[in-house]
Amino acid sequence: MIREFHLADWFTLGNAISGIGALFSTMSYLQLGDIRHIYFACGLLLAALIFDVLDGRIARWRQKTSAMGRELDSLADVISFGVAPAIMGYALGMNGLYDRIILCYFVACGVSRLARYNVTAEELSGGGDKVKYFEGTPIPTSLLIVGLLFAAASTGAVRETLWFGELKLAGFTFHPFVLTFALSGSLMISRLRLPKP
């Protein structure tokens, strides 16, 4: 199977590996409590974005696109821009029952948005090689939340001191900060049309 990979597919794997590395760094933070692991995770997700941008450009430059490459890209994006940011949010303090529900919603929206893109990519491209616009915000926009998490971590606003505090609703904990994930997920599955660069 590896012999069938194009150059762009290796960059896509770089995206996935960066996302997995971010998950490992986040787990190290949970084990050791050293905030530097969150910084490493944020840096790895930035690397994932760079790999994600490069894989598309390389595929178009070499005119080597494939259905497998598109599926590989979506799976890598789910790890790096869906699961990893949600786990970081959980690790930094958004771990009440309502928080977990919203973080699951966010990941489900990301998965759904990528599936919709894969199914409609040919239609959205108008018969050409390149899609002209995004329907719903692309999943890598979740890096905006990662930037907020980085800022919160660097100012010590984690766990009990998380920005916007916490609320108790029907006996369960809710952190208003998690609503950024709800907004991001909702925008991903919206019908909002954004021109693709």
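Residues numbered from 1 in each chain as written. Predicted model: local features only at pLDDT ≥ 70, side-chain atom pairs only at ≥ 80, totals over all residues. Heavy atoms only, no water.

Explain the overall build of the protein chain residue by residue, including any values.
Scanning the protein chain from terminus to terminus reveals six helices and four strands. Ordered by position from N to C terminus, the α and β elements of the protein chain give α-α-α-α-β-α-β-β-α-β. The buried share among the 197 residues of the protein chain stands at 47%. A fraction of 78% describes how many contacts in the protein chain between residues 6 or more apart in sequence connect residues 24 or more apart. A total of about 10500 Å² of accessible surface is found on the protein chain, and carbon and sulfur atoms cover 66% of it. (Helix = DSSP H or I, 4+ residues; strand = E, 2+ residues; numbered from the N terminus. Buried < 20%, exposed > 50% of the residue type's maximum accessible area, 1.4 Å probe, protein only. Contact = heavy atoms within 4.5 Å. Areas by Shrake-Rupley, 256 points an atom, 1.4 Å probe, with all protein chains shown as cover.)

So what's going on with the side chain of Arg116? Residues and values would help.
Structurally, Arg116 can be placed in helix H4 (residues 97-124). Of note is the side chain of Arg116, whose polar atom sits 3.0 Å from the backbone oxygen of Ser190. (Polar contact = N/O pair within 3.5 Å; in protein donor to acceptor, adjacent residues only side chain to side chain.)

Which residues make up the nonpolar core, and what are the values?
Counting 37 residues, the largest nonpolar core has Met88, Leu149 and Phe181 as its most contacted members. Listing elements by their share of this core, those giving two or more residues are helix H1 (7-32), helix H2 (36-62), helix H3 (67-91), H4, helix H5 (143-154) and helix H6 (179-188). (Core = buried A, V, L, I, M, F, W, Y, C linked by side-chain atoms within 4.5 Å.)

Please set out the packing of H5 against H6 residue by residue, giving values where relevant.
In the contact formed by H5 and H6, the axes pass within 10 Å of each other and the chain directions differ by 165 degrees. By the angle class used here, H5 and H6 are roughly antiparallel. The interaxial crossing formed by H5 with H6 has right-handed handedness. Residue-level contacts link Ile145, Leu148 and Leu149 of H5 to Thr180, Phe181 and Ser184 of H6. For the contact of H5 with H6, the class distribution of residues is four nonpolar, two polar and no charged. (Axes fitted to C-alpha atoms, helices over the stretch in contact; angles between N-to-C directions. Parallel < 35°, antiparallel > 145°, perpendicular 65-115°, else oblique. Left-handed = near helix turned anticlockwise from the far one by under 90°. Nonpolar A, V, L, I, M, F, W, Y, C, P; charged D, E, K, R; others polar.)

If you had to explain the environment of Lys168 to someone new, which residues and values would you point to?
Locating Lys168 in the fold gives a position in strand E2 (residues 167-169). Separated by 70 residues in the primary sequence, Lys168 and Tyr98 place their C-alpha atoms 9.8 Å from one another. One polar contact links Lys168 to Thr173, side chain to side chain, over a distance of 2.8 Å.

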